[in-house]
Amino acid sequence: EAGVTQFPSHSVIEKGQTVTLRCDPISGHDNLYWYRRVMGKEIKFLLHFVKESKQDESGMPNNRFLAERTGGTYSTLKVQPAELEDSGVYFCASSQSGRRVDTQYFGPGTRLTVL
Amino acid sequence: AQSVTQLGSHVSVSEGALVLLRCNYSSSVPPYLFWYVQYPNQGLQLLLKYTSAATLVKGINGFEAEFKKSETSFHLTKPSAHMSDAAEYFCAVSMTTDSWGKFQFGAGTQVVVTP
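Residues numbered from 1 in each chain as written. Chains lettered and ligands numbered in written order. Predicted model: local features only at pLDDT ≥ 70, side-chain atom pairs only at ≥ 80, totals over all residues. Heavy atoms only, no water.

Peer 1: So what exactly am I meant to see when it comes to the overall build of chain B here?
Peer 2: Check the secondary structure of chain B and you find zero helices and 11 strands. Whereas a compact globule of 115 residues would reach a radius of gyration of roughly 13 Å, chain B reaches 14 Å, a difference of no more than 12%. Viewed in the frame of its principal axes, chain B has a C-alpha envelope of about 45 × 30 × 20 Å. Buried positions account for 43% of the 115 residues belonging to chain B. Here the analysis covers contacts within chain B between residues at least 6 apart in sequence; of these, 57% occur between residues at least 24 apart. Total accessible area computed for chain B in this model is approximately 5,300 Å², and 53% of it derives from carbon and sulfur atoms. (Helix = DSSP H or I, 4+ residues; strand = E, 2+ residues; numbered from the N terminus. Rg over C-alpha atoms; globule rule 2.2 N^0.38 Å. Buried < 20%, exposed > 50% of the residue type's maximum accessible area, 1.4 Å probe, protein only. Contact = heavy atoms within 4.5 Å. Areas by Shrake-Rupley, 256 points an atom, 1.4 Å probe, with all protein chains shown as cover.)

Peer 1: Sorry if this is basic, but what is going on with the sheet that holds strand β8 (residues 75-79) of chain A here?
Peer 2: Residues and elements named next belong to chain A. Judged by pairing direction, the sheet is antiparallel, and its four strands sit side by side in the order β1-β3-β8-β7 without closing on themselves. Unpaired on one side and paired on the other, β1 (5-7) and β7 (65-69) mark the two borders of the sheet. On average, each strand axis in the sheet is tilted by 15° relative to the strand beside it, whichever way the strands run. Alignment of strand β3 (residues 19-24) against β8, held across five bridges, turns out to be antiparallel. Among the inter-strand pairings, C23 is bridged to a residue of β8, identified as S75. (Pairing = 2+ DSSP bridges. Axes fitted to C-alpha atoms, helices over the stretch in contact; angles between N-to-C directions.)

Peer 1: Looking at this model, I keep getting lost on the state of the cysteines. Mind explaining?
Peer 2: Put plainly, two cysteines are in a disulfide when a covalent bond ties their sulfur atoms together. Applying the stated rule across the entire model yields two disulfides over all chains. Two residues share a disulfide in this structure: C23 of chain A and C92 of chain A, whose sulfurs sit 1.8 Å from each other. Between C23 of chain A and C92 of chain A the disulfide shows an S-S torsion of about -60°. By sign, it is left-handed. Residue C23 of chain A is located in strand β3, and its partner C92 of chain A is located in strand β9 (residues 88-95); the two are separated by 69 residues in the primary sequence. For C92 of chain A, a relative accessible area of 0% corresponds to the buried category. In this model C23 of chain B forms its disulfide with C91 of chain B; the gap between the sulfur atoms is 1.9 Å. Across the S-S bond linking C23 of chain B and C91 of chain B, the dihedral sits near -60°, which makes this disulfide left-handed. With C23 of chain B in strand β3 (residues 19-26) and C91 of chain B in strand β9 (residues 87-94), the pair connects residues that are 68 residues apart, well separated along the chain. One exposure class covers both C23 of chain B and C91 of chain B, and it is buried. (Disulfide = S-S within 2.5 Å.)

Peer 1: Even after reading the chapter, I still don't get the interface of chain A and chain B, so can you show me in this structure?
Peer 2: Interface size is commonly expressed as the accessible area that is lost once the parts come together. At the interface, 23 residues of chain A touch 21 residues of chain B. One can count two salt bridges joining chain A with chain B. The set of elements that each furnish at least two residues to the side of chain A that touches chain B consists of β4 (31-37), β5 (43-50) and β6 (53-56) of chain A. Considering only residue class, the side of chain A that touches chain B consists of nine nonpolar, seven polar and seven charged. (Salt bridge = Lys/Arg side-chain N within 4 Å of Asp/Glu carboxyl O. Nonpolar A, V, L, I, M, F, W, Y, C, P; charged D, E, K, R; others polar.)

Peer 1: Just checking my understanding: could you explain the pattern of salt bridges for this structure?
Peer 2: If the charged atoms of two oppositely charged side chains come close together, the side chains can form a pair. Residue and element names in this part refer to chain A. Applying the stated criterion across every chain, the model contains 11 salt bridges over all chains. Here R36 and D86 are joined by a salt bridge, their closest N and O atoms 4.0 Å apart. One end of the pair, R36, is in strand β4; the other, D86, is in the loop between β8 and β9, and 50 residues separate them in sequence. A single burial state applies to R36 and to D86, both of which are buried. Linking E42 and K44 is a salt bridge whose minimum nitrogen-to-oxygen distance equals 4.0 Å. For E42, a relative accessible area of 28% translates into the label partly exposed. One connected set of salt bridges, linked through shared partners, spans R36, R64, E85 and D86.

Structure representation (structure tokens):
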């Protein structure tokens with residue numbers, strides 16, 4: 001069974017540009033989470049999808065970040081325009097359905113560098 | 001507000017020695033607790049989890065952790081370190097009052113194993 005995959009693995013962009021990160025969860029997982037780790041700090045929650053619906057986006061930093069999950073499958077996280085403080089590693093995780101705590105399976109992350 | 005504290009951002013341990021990684025949480029209600037490990041260029045992998053069953057939890061690769069409510073702790077141990085244990089370890093909590101299971105992470109502990 002394929003795990004959570006993320007693309008690209010690395011992205012280097014200039015301030016003001018746009019970047020789109022993609023996450024493919026484990027097949028059949030309804031829950032999809034985005035997290036971010038800024039260098040030297042803890043991994044922080046950004047948002048949570050249940051299928052195609054945003055369940056919780058309380059961790060999104062500001063309106064420069066837009067997340068979508070088409071058809072309840074893969075998800076994209078767009079940053080537009082990117083700022084220096086957006087640099088970090090963006091993790092995606094997925095878990096099975098149900099209103100309960102379940103193991104989250106993480107992807108390898110996308111390392112974003114904004115110059 | 002809840003928080004997760006991992007004592008020590010870097011830990012050096014000799015091969016064959018005890019591995020002890022500390023995690024404390026602050027919450028009035030005992031949360032669900034997880035330990036994840038991240039090897040270089042890989043995603044976070046679940047080591048073990050506590051979800052209000054047995055307080056001593058055994059995980060993969062010889063790791064275990066004990067939930068102590070009175071100390072609000074969930075320390076991770078392994079009796080004998082292997083070179084392959086070199087990685088970054090994350091403690092995470094999920095509130096039982098949060099039906100959707102988003103995680104709050106500690107800052108991570110980088111483990112170095114010396115011969």
